[in-house]
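Chain and residue survey
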Number of protein chains: 2
Amino acid sequence: MQKIYRELRVDLGERSYPIVIGSGLMGGYDLSPYVAGTQVMIVTNETVAPLYLDSAKASFPGKSVDVVVLPDGEKYKEWQTLNRIFDALLENRHTRKTTIAALGGGVIGDMAGFAAACYQRGVPFIQMPTTLLSQVDSSVGGKTGINHPLGKNMVGAFHQPQAVLIDTDTLKTLPPREVSAGLAEVIKYGLIRDEPFLGWLEGNMQALLDLDPEAQAEAIFRSCRCKADVVALDEKEGGLRAILNLGHTFGHAIETHAGYGNWLHGEAVGTGMMMAADLSVREGCITAVERDRAVDLIRRARLPDMAPAGMSQARFMDLMAVDKKNVDGSLRLVLLKSLGEAYVTGDASPDSLRATLQAFIH
Amino acid sequence: MQKIYRELRVDLGERSYPIVIGSGLMGGYDLSPYVAGTQVMIVTNETVAPLYLDSAKASFPGKSVDVVVLPDGEKYKEWQTLNRIFDALLENRHTRKTTIAALGGGVIGDMAGFAAACYQRGVPFIQMPTTLLSQVDSSVGGKTGINHPLGKNMVGAFHQPQAVLIDTDTLKTLPPREVSAGLAEVIKYGLIRDEPFLGWLEGNMQALLDLDPEAQAEAIFRSCRCKADVVALDEKEGGLRAILNLGHTFGHAIETHAGYGNWLHGEAVGTGMMMAADLSVREGCITAVERDRAVDLIRRARLPDMAPAGMSQARFMDLMAVDKKNVDGSLRLVLLKSLGEAYVTGDASPDSLRATLQAFIH
């Protein structure tokens, strides 16, 4: 198979790494130059393993490759499942020169990355994301972690990968609901930093839903470029990087309320971005027309436009109070200054916030 | 109470921090300049809390201090107990501007430090060690983590504290067995890097066992200075820092075999250092007279000089095979080039190793 790919770099000094995007890369692109030692542990799940494990192994010629297959789903993004990675590493005597490879979606990437951050106090890892959401977002930037019953991603580490390998062919097997969830994060980049990309998305949304390979590759490339730029400017979220959380404060509350895995992360972020756009209107930043443009695009990606049935204002407030962005008890939110420009604020008016919550609950 | 203290610095660029050593410091030394936000979570255990929690709190004037009290013991250095720290942080809505303070021995320091490394992907922490072992070793250098059933400290992070506060008064309540365990690590510094200190220890061992405050303060100061020097030269154990593990490969095997907590870490390290000295003779590095000098000093600290009853050579080899220092299947050991100089080797002869194991098993 012909390998056509594009390469980006995440510029983080000695921790810089490439993102390779294209078709036929799983098994067709040699990752062994990114493996310092002789051992590789591929972390994957029951859904992905039958589809891509054999070709993923072929990307590590000359290395000793072990595999741990985890159950599939956000509800397994917790300590017990993480510990199975440590079990596999220790049972197979992986030393601190091992490399961990994450083959799967965001849950696998976050867990494998966190395992790499913690195993023997830190070993290298490689991201091989197989879902649109993980390809455009979670595989880039080094955020890793697991959930806690009281909050999503509350336990984790910043740990950058050695390389990110994005084979767009893996999207052919992705369920439509997961395609939509990934598109939520794609739209996010347009909303927070790239107004021209919003226009491109409006013209290509149908092609993306139809899994057109060229449209997909372009959307992934532009998304990763935006994420790489933001991460290079603010690796550990001292400031700017927080804008990548547009819609996520509302979204995390929805996910936690619904129970991890009942709403996909991207679905919750889609609704959350609508809420952030709505609050941005109430705060006098964008116009109702601009909000409607954002809401329409998110709807066209077939994402939900209301909070889960039965989720109250009080429940939202309670769950949002534990968000990682909060400082000394004050709620911090990402809002839109305009379409294509986001900012972080701790000063949203409580009245506006209540009105927005009211508009999106049943 | 008069506060007399000495201060050292661990020199790690922007992550440098002070070690303050003296009497009357718990509650008598203001740590609030090392707390960036308003929230502090003191992590301690059931044994230490009744003795020092009130005075520890007094070291954070003007801050909002919460407390989590864990059960006492090495066997609790695992995920379930660690998770109680995350529970307390989330239940009390600690943000990523919180500071975690470890009040207790090495187990508390390692767990509180690892919780700080992982909570919301990393928050600052302060060490307030209350045992001799943690004061001279584990509180300095940023190694944090928990145990895994298949190996000690297998899951963790490098995470440097903001400050280390060592109040030597806390040693007055320390059980004699724990004093001895701490002395093992004190003797270690003499063996690996400071021959004159070995001579000083030979002259002052009885004073240290008698809890003489001036002898204690001197031993702690010289130990911390040695550790700080080594950590500053090699923070993440790329090379030199591994010498701090003298006796630890044997010792970790003993601890794992005995079940965490049945042998104290320092006790296992004491026997392990005797074994390392013995192997160093067999490898032609030090003389039998030098070995006996080391063994005698360790014995005088009232540390065990044989492996646990029933622990076989095969069991040693099996447990040592998962040591973090190993590279691609080869066992790496810290040996003595001379008294006062250690080195790391992957080349110890299997015959010598078997003879040393044979000499220390029942």
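Counting restarts for each chain, with residues numbered from 1 along the sequence as it is written. The naming scheme follows written order: chains are lettered A onward, ligands numbered 1 onward. At least 70 in pLDDT is required for a residue's local features to be given in this predicted model, at least 80 for side-chain atom pairs to be given and counted, and no such filter applies to totals for whole chains, interfaces and linings, which use all residues. Hydrogens and water molecules were not included; the side-chain quantities draw on all heavy atoms of the structure.

**Quick word on the relation of the copies chain A and chain B**
- Copies are brought into register by a least-squares superposition over C-alpha atoms of residues with pLDDT of at least 70 in both. For the pair chain A and chain B, the superposition axis carries a translation of 0.0 Å, the fit reaches an RMSD of 0.0 Å, and the rotation angle comes to 180 degrees. In short, the pair behaves as if placed about a two-fold rotation axis. Scanning chain A for the C-alpha nearest the rotation axis identifies A:W79, at a separation of 3.9 Å.
- Same-surface contact between copies: 100% of interface residues of chain A are shared with the interface of chain B. Should any heavy atoms of two residues lie within 4.5 Å, those residues are considered in contact.

**A short note on the interface of chain A and chain B**
- Taken together, the 39 residues of chain A in the interface contact 39 residues of chain B.
- Note on definitions: buried area is the accessible-area loss of two parts on being combined, 1.4 Å probe, summed for both. Of the roughly 3600 Å² buried where chain A meets chain B, counting both sides, 58% is carbon and sulfur surface.
- Put simply, a salt bridge is a Lys or Arg side-chain nitrogen that is within 4 Å of an Asp or Glu carboxyl oxygen. Remark: the boundary between chain A and chain B carries 4 salt bridges.
- For A:D318, the salt bridge is made with B:R93, and the minimal N-O distance between the two is 3.0 Å.
- Whenever two N or O atoms come within 3.5 Å, that pair is a polar contact, provided that in protein one can donate a hydrogen and the other can accept it, and provided that, for residues adjacent in sequence, both atoms are side-chain atoms. Here chain A is connected to chain B by 10 residue pairs in polar contact (both at pLDDT 80 or more).

**What about the packing of aromatic side chains?**
Residues and elements named next belong to chain A.
- Ring pairs shown here join Phe, Tyr and Trp side chains whose ring centres sit within 6.5 Å, with only the six-membered ring taken for Trp; geometry is labelled stacked below 30 degrees between planes, edge-to-face above 60, and tilted in between. One pass over the structure, following the stated rule, counts 9 aromatic pairs over all chains.
- The interplanar angle of 85 degrees and the centroid separation of 5.4 Å between the aromatic rings of Y5 and Y29 together place this pair among those described as edge-to-face. One end of the pair, Y5, is in strand β1 (residues 4–10); the other, Y29, is in the loop between β2 (17–23) and β3 (39–45), and 24 residues separate them in sequence.
- By relative accessible area, which is 12% here, Y29 ends up buried. Under the scheme used here, helices are H or I runs from DSSP no shorter than 4 residues and strands are E runs no shorter than 2 residues, and both carry numbers assigned from the N terminus. Working definition: with a 1.4 Å probe on protein chains only, accessible area under 20% of the residue-type maximum means buried, over 50% means exposed, and in between means partly exposed.

**Quick notes on the domain arrangement of chain A**
Residues and elements named next belong to chain A.
- The assigned domain composition of chain A is domain 1 (4–172) and domain 2 (176–360).
- An automatic or database domain assignment is the source of the domain bounds shown. Of note, the centres of domain 1 and domain 2, computed from C-alpha atoms alone, are 25 Å apart.
- Taking both partners together, domain 1 and domain 2 bury about 3000 Å²; carbon and sulfur atoms supply 65% of that area.
- There are 6 salt bridges connecting domain 1 and domain 2.
- The residue D137 makes a salt bridge to K188 at a minimum N-O spacing of 3.9 Å.
- Linking domain 1 to domain 2 there are 9 residue pairs in polar contact (both at pLDDT 80 or more).
- Elements with a contribution of two residues or more to the side of domain 1 that touches domain 2: β1, β2, α4 (132–138), β7 (143–148) and β8 (151–158).
- At 6 residues, α4 tops the list of elements feeding residues into the side of domain 1 that touches domain 2.
- Just so you know the grouping, Ala, Val, Leu, Ile, Met, Phe, Trp, Tyr, Cys and Pro go in nonpolar, Asp, Glu, Lys and Arg go in charged, and all remaining residues, Gly too, go in polar. Its residues assigned to classes, the side of domain 1 that touches domain 2 shows 15 nonpolar, 10 polar and 9 charged.

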